[in-house]
Protein chains: 2
Amino acid sequence: MSGDRYITLAHGNGGRFMRALIENVFARHLANPQLDIRVDAAHLPLPPGDIMITTDGFTVQPLEFPGGDIGSLAVHGTVNDLAVAGATPVYLTLNAFIEEGLEFVQLDRLMRSMARAANECRIRVAAGDVKVLRRGEGGGLYLATTGVGVRRPGLRLGLDRICEGDTILVSGSVGDHGAAVLLAREEFGLKGDLASDAASVLPLTQAILDLPGLRFMRDPTRGGVVTVMHDIARSSGLTVRLDESATPIREPVRGVCDILGYDPLYLACEGRVVAVLSSEDASRALAAWRALPAGVDAAAIGVIGSGEQHVVLETSIGGERLLEELEDDPLPRIC
Amino acid sequence: MSGDRYITLAHGNGGRFMRALIENVFARHLANPQLDIRVDAAHLPLPPGDIMITTDGFTVQPLEFPGGDIGSLAVHGTVNDLAVAGATPVYLTLNAFIEEGLEFVQLDRLMRSMARAANECRIRVAAGDVKVLRRGEGGGLYLATTGVGVRRPGLRLGLDRICEGDTILVSGSVGDHGAAVLLAREEFGLKGDLASDAASVLPLTQAILDLPGLRFMRDPTRGGVVTVMHDIARSSGLTVRLDESATPIREPVRGVCDILGYDPLYLACEGRVVAVLSSEDASRALAAWRALPAGVDAAAIGVIGSGEQHVVLETSIGGERLLEELEDDPLPRIC
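Residues numbered from 1 in each chain as written. Chains lettered and ligands numbered in written order. Predicted model: local features only at pLDDT ≥ 70, side-chain atom pairs only at ≥ 80, totals over all residues. Heavy atoms only, no water.

Contacts between the two partners involve 73 residues from chain A and, on the opposite side, 73 residues from chain B. Counting each side, the surface lost to burial between chain A and chain B is near 5900 Å², with a carbon and sulfur contribution of 52%. Our count for the contact surface shared by chain A and chain B stands at 41 residue pairs in polar contact (both at pLDDT 80 or more). Considering every element that reaches the side of chain A that touches chain B, the biggest residue donor is strand β2 (residues 50-58) of chain A, with 9 residues. Of the residues assigned to the side of chain A that touches chain B, the class counts are 31 nonpolar, 21 polar and 21 charged. With 2 bridges joining them, β2 of chain A and strand β1 (residues 42-43) of chain B adopt antiparallel strand pairing. Following the sheet pairing, Ile-53 of chain A is matched in β1 of chain B by Ala-42 of chain B. (Contact = heavy atoms within 4.5 Å. Buried area = accessible area lost by both parts, 1.4 Å probe. Polar contact = N/O pair within 3.5 Å; in protein donor to acceptor, adjacent residues only side chain to side chain. Helix = DSSP H or I, 4+ residues; strand = E, 2+ residues; numbered from the N terminus. Nonpolar A, V, L, I, M, F, W, Y, C, P; charged D, E, K, R; others polar. Pairing = 2+ DSSP bridges.)

This is the structure we're talking about:
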């Protein structure tokens, strides 16, 4: 059979080929003392604290792009959802939906990348499942991951803690992931030296977790920074004021967006944190972030103002512009 | 836009339409005190005990079939993986991969069915994520679920506990799910009154959990009963002897298999348990199962014999036949 080189339907049937696929690709790369591929459910020993859970699907296209791939992205995305909730990631479960015809060497590369990211983030794969989709019923590979972590009891973070006068920080430049994936799609016929910002934000979140004025953190993925701002405005009923000139946007990102007609404030990041803090703790947080390699470009980009539920951009030339909630999808399969 | 009737790419972009989809379909049906769609990670209060986790993908085609649909199947599949590990299910996370063009009314129906199954199984959805796939890059709807449950500390079940002389039970007729899904596919042009056995097996597993001679349980899904028998033979290095005449197979399942050339022993069940017990506790377990509505057809179907690693069928006419491990996939997207 052609199973030497490509994934076939037999790799999803529960029988011999599926066992070989799981043993030779998934378990080979993702093995750890916690992973037992012969059980239906795995026991999770956890350190003390509040148990936190998050789940995410990954459909990025292309599967590999400058700065990452769907394997590392799935780890980073799940780690980051736990991190911005104030938790330390411990375990991951993995679902793979593989389209018939995917090359083994590519799947192998992606799982090796996933394993490397998981090791770097000290998160262990505890359980997994594989399904094979018929040719034309998948997009090469989709992943779904669920992350389990532990949070210090009593830690309170949330949209409901945000107050008028609070400061909004971002940990680095915005829109890099979205722009890099866009460019990686051959259909645009553009080349550039952009790379995704995809990375774990755990060092960033842990650096500011003890500040009493920390209200809320989120990683601005799909829908970008503006979508997080709308979540804040909707929850608080207040006006979010963003400062265009203070918002870090890399020159190549700006260039690609100008050509293709996108606004970087709506593009996905995969390694940034937006944090809202009291104004006095915001400066402490900014200093803590700037001292980290991942936070050198951190900036205060806005404030929670008085006034009704709106997101307003104060433009570089001194004007004001309402930033509407995202409607049409400019970028399917961005993450 | 056509968003009134069909899922569009904008329903996956993180913006206004995605928020409406999550609020009006997913959260409307799956709401519970644990579910907060505004957080990145959810806090999971858990009763005392060992924490157990399992994960599964669901790609069944058609999305609705006699006896179930992909929504209820996802709940039952996840509940069952926890149940056969000896755990009580508590929480579920849900990933939905929706193909552009799926009808809202169907998605709504499937999520209502999922909610009903979750309520019946007393499992709560704690977190979720939605991605939209471009037309031609999905199969209508794929789901991935992760289940979290709690197990009595000290409970030991596993393939490694199986001994020569043990008895193999099955809780009901085999192959119903596989045969029902097959028939539901229009391409076969067959009609029948078959229904999937898809259901929670939790009452079955809990009824025998306290028997000291209980070694191992598994739900025979993809690859059917024979695949579980190969797992047992491989792990124990012993010969598994199945008794054909003792194995409950419904007449319509046998009929469909005869016509289409399948063996019911390799077809998926989604509401059955295979259990291995010491011979003395096997009769107690069989009595306990037969007293339950889900176990009236329970039967002792085989023994762990001496001899090398093989799976042998003792046929109705007094012969013997080796049952090979499943190779080619006869039935993609069966679960």
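From this point, things continue past the structure.
Quick look at the relation of the copies chain A and chain B now. Between chain A and chain B, which share one sequence, the superposing operator has a rotation angle of 180 degrees and an axial displacement of 0.0 Å; the RMSD is 0.0 Å. Taken together, the rotation and translation relating the two chain copies correspond to the operation of a two-fold axis. Both copies contact each other with a shared surface, as 100% of the interface residues of chain A are interface residues in chain B too. (Least-squares fit on C-alpha atoms with pLDDT ≥ 70 in both.)

Any pair of aromatic rings gets described here by the distance separating the centres and the angle formed by the planes. As enumerated under the stated definition, the model contains 3 aromatic pairs over all chains in all. Ring geometry for Phe-97 of chain A against Phe-97 of chain B: centres 5.4 Å apart, planes inclined by 65 degrees, an arrangement best described as edge-to-face. With one member in each of two chains, Phe-97 of chain A in strand β5 (residues 87-99) and Phe-97 of chain B in strand β5 (residues 87-99) form a pair that bridges those chains. When its relative accessible area of 1% is taken as the criterion, Phe-97 of chain A is described as buried. Aromatic pair Tyr-142 of chain A and Phe-97 of chain B: ring centres 5.8 Å apart, planes at 15 degrees, arrangement stacked. A residue pair is termed interchain when its members come from two chains, as with Tyr-142 of chain A in strand β7 (residues 141-151) and Phe-97 of chain B in strand β5. Relative accessible area serves as the criterion here: at 0%, Tyr-142 of chain A is assigned to the buried category. (Phe/Tyr/Trp six-rings, centres within 6.5 Å; stacked < 30°, edge-to-face > 60°. Buried < 20%, exposed > 50% of the residue type's maximum accessible area, 1.4 Å probe, protein only.)

All names here are of chain A. With 5 of 5 residues buried, strand β9 (residues 214-218) lies mostly within the body of the structure. In terms of strand pairing, β9 meets strand β11 (residues 274-277) through 4 bridges, oriented antiparallel. Residue Phe-216 lies in a different strand from β11, and its bridge partner there is Val-276.

Let us now look at the sheet that holds β1 of chain B. In spatial order, the strands read β6(A)-β5(A)-β7(A)-β2(A)-β1(B); together these 5 strands make up an open sheet with mixed pairing. Of all strands in the sheet, those with a lone pairing partner are β6 (124-133) of chain A together with β1 of chain B, marking the two edges. Running at roughly 10 degrees to β7 of chain A, helix α3 (residues 104-120) of chain A makes contact with β5 and β7 of chain A of the sheet. (Axes fitted to C-alpha atoms, helices over the stretch in contact; angles between N-to-C directions.)

Here we come to the domain arrangement of chain A. Residue and element names in this part refer to chain A. You can read the domains of chain A as domain 1 (9-151) and domain 2 (159-322). Contact with domain 1, which involves 19 residues of that partner, is made by 22 residues of domain 2. On the domain 1 side of the contact with domain 2, Pro-66, Asn-80 and Val-84 bury the most area, a combined 32% of that side's loss. The tally of links between domain 1 and domain 2 comes to 0 salt bridges. Run the count over domain 1 and domain 2 and you get 6 residue pairs in polar contact (both at pLDDT 80 or more). Of all elements in the fold, only α2 (70-84) and β5 reach the threshold of two or more residues within the side of domain 1 that touches domain 2. Of the residues forming the side of domain 1 that touches domain 2, the biggest block, 8 residues, is contributed by α2. Residues that form the side of domain 1 that touches domain 2 fall into these classes: 11 nonpolar, 7 polar and 1 charged. (Domains from an automatic or database assignment. Salt bridge = Lys/Arg side-chain N within 4 Å of Asp/Glu carboxyl O.)

Glancing now at the pairing of β2 of chain A. Residue and element names in this part refer to chain A. Within β2, 9 of the 9 residues are buried, which leaves the element mostly enclosed by the surrounding structure. Residue alternation in β2 divides its side chains into two sets, Asp-50, Met-52, Thr-54, Asp-56 and Phe-58 and Ile-51, Ile-53, Thr-55 and Gly-57, and both sets are buried. Inspection of the sheet shows β2 paired to β7 by 9 bridges, in the antiparallel sense. In the sheet register, Ile-51 faces β7, and the bridge partner there is Val-150.

Our next topic: helix α1 (residues 16-30) of chain B. Residue and element names in this part refer to chain B. For α1, spanning 15 residues, the distance from its first C-alpha to its last is 20 Å, which sits close to the expected 21 Å at 1.5 Å a residue. At Ile-22, α1 shows its strongest bend, of approximately 30 degrees. Buried residues along α1 sit against β5, α3 (104-121) and β6 (124-133). (Expected span 1.5 Å × (residues − 1). Bend = angle between axes of the 7 residues up to and from the residue.)

So, about the packing of α2 of chain A against α3 of chain A. Describing two packed helices takes the angle between their axes plus the distance from one axis to the other. All names here are of chain A. The N-to-C vectors of α2 and α3 enclose an angle of 30 degrees; their axes lie 7 Å apart at closest approach. Relative to α3, α2 is oriented roughly parallel. Every pair of crossing elements has a handedness; the one defined by α2 and α3 is right-handed. For the pair α2 and α3, the contacting residues are Ile-70, Gly-71, Ser-72, Ala-74, Val-75 and His-76 in the first and Leu-110, Ser-113, Met-114, Ala-117 and Ala-118 in the second. The residue makeup of the contact of α2 with α3, split by class, is 7 nonpolar, 4 polar and no charged. (Parallel < 35°, antiparallel > 145°, perpendicular 65-115°, else oblique. Left-handed = near helix turned anticlockwise from the far one by under 90°.)

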